[in-house]
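Observations on the three-dimensional arrangement
Single-letter residue listing:
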Amino acid sequence: MVSARPRSTPSLVVVAAGLVLALSACAPEPVASAPSPTFAAPELEASASPAPSPNETRPLRVVMIGDSLMSGYNLPPEEAWPVLLGDRAHLALTNLACPGMGFVVQGGCGTTYAGFVPAVAALQPQLVVVESSSNDFWEDGDEIRSDTSDTVSQIHDAAPDARIVGLSTIWNDDPDVPDDTAVTSDALRDAVDEVGGTFIDVGQPLVGHPEWMQDDDVHPTARGQRAIEQTVMSALQDADVLP
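Residues numbered from 1 in each chain as written. Predicted model: local features only at pLDDT ≥ 70, side-chain atom pairs only at ≥ 80, totals over all residues. Heavy atoms only, no water.

Moving on, we come to the confidence of the model for the protein. Averaged over all residues, the pLDDT of the protein equals 84, while 77% of them reach at least 70. Per-residue pLDDT stays below 50 along residues 1-50; that stretch engages in 72 contacts with residues further than four places along the chain or on separate chains. (pLDDT = per-residue confidence, 0-100. Contact = heavy atoms within 4.5 Å.)

Have a look at this one:
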């Protein structure tokens with residue numbers, strides 16, 4: 001079980017719900033094409049913490065982009081797996097996750113993943129982690145590949161010094177995984193390869209555990225979120241993305 005620790009730089013860590021609300025407030029109503037919400041860099045409040053010494057390592061600046069699995073749907077924001085991972089690894093984490101969103105499909109924020117590119121540009125992270133989504137299941141395969149490639153390219157252009165890591169699509173507890181899991185994951189693998197990033201297949205950490213799922217059998221409980229965090233953390237360490 002992951003124990004919560006104080007974030008290293010709380011002024012830089014933006015809780016997913018807050019960013020989603022901020023972006024939603026300035027995003028237009030959904031239209032046929034994905035809008036591009038404007039994004040202002042988060043205001044940094046003064047901290048009582050002493051300034052780091054010259055030899056002190058600053059926390060890695062990380063942005064995560066994903067869907068309701070990343071946002072911790074129907075759970076307190078601090079129980080979302082990216083926030084858990086950020087606490088454990090002492091990251092300066094911004095969780096840009098929005099329910100219903102994918103590379104092709106617009107989510108509750110009124111945009112696809114591409115709508116968060118301005119946020120990436122404003123934050124200039126050192127690491128961007130983006131996960132392919134089951135929200136794009138049953139969309140046209142060519143459109144999935146094209147939109148995924150375009151979005152990852154835009155992310156790379158927005159933060160050219162950032163390492164981009166793609167994570168495979170996570171399904172629910174059912175061992176009968178849909179074929180579109182491979183379609184969406186492979187599209188992200190190709191897109192990340194094109195920009196010199198790293199793709200990681202995280203498998204299906206929820207399979208065989210119906211007790212880790214909420215009543216809708218789509219979204220994980222807090223226990224399921226911890227399982228995803230542990231899986232992703234190990235995968236990132238194995239890939240030398242995190243120490």
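Under the definition given, this model contains three salt bridges. The residue Arg-88 makes a salt bridge to Glu-229 at a minimum N-O spacing of 2.9 Å. Within this pair, whereas Arg-88 is found in helix H3 (residues 81-89), its partner Glu-229 is found in helix H7 (residues 222-238), the two being separated by 141 residues in sequence. By relative accessible area, Arg-88 is classed as partly exposed at 30%. Close ionic contact of Arg-145 with Asp-142 constitutes a salt bridge, the shortest N to O distance being 2.7 Å. On the criterion of helical spacing, the pair formed by Arg-145 and Asp-142 is a turn pair, its members being three residues apart in helix H5 (residues 141-158). When its relative accessible area of 41% is taken as the criterion, Arg-145 is described as partly exposed. (Salt bridge = Lys/Arg side-chain N within 4 Å of Asp/Glu carboxyl O. Helix = DSSP H or I, 4+ residues; strand = E, 2+ residues; numbered from the N terminus. Buried < 20%, exposed > 50% of the residue type's maximum accessible area, 1.4 Å probe, protein only.)

Right, let's talk about the packing of H5 against helix H6 (residues 180-194) for a bit. Running from N to C, H5 and H6 point in directions that differ by 35°, and their axes come no closer than 9 Å. In terms of crossing hand, the pair formed by H5 and H6 is right-handed. From H5, Ile-144, Arg-145, Thr-148, Ser-149 and Val-152 reach across to H6, where they touch Val-183, Thr-184, Ala-187, Leu-188, Ala-191, Val-192 and Glu-194. Looking at side-chain class alone, the contact of H5 with H6 contains seven nonpolar, three polar and two charged residues. (Axes fitted to C-alpha atoms, helices over the stretch in contact; angles between N-to-C directions. Left-handed = near helix turned anticlockwise from the far one by under 90°. Nonpolar A, V, L, I, M, F, W, Y, C, P; charged D, E, K, R; others polar.)

This paragraph deals with H6. Between its first and last C-alpha, H6 extends 21 Å over 15 residues, near the 21 Å set by a 1.5 Å rise per residue. Burial in H6 covers these residues: Asp-180, Thr-181, Thr-184, Ser-185, Ala-187, Leu-188, Ala-191 and Val-192. Projected down its long axis, H6 carries its buried residues within an arc of 155°, all on one side. In this structure, the buried side of H6 is in contact with strand E3 (127-131), H5, strand E4 (163-167) and strand E5 (198-200). Once H6 finishes, Gly-196 follows within two positions and takes phi at roughly 75°, a positive value. (Expected span 1.5 Å × (residues − 1). Arc of directions from axis to C-beta.)

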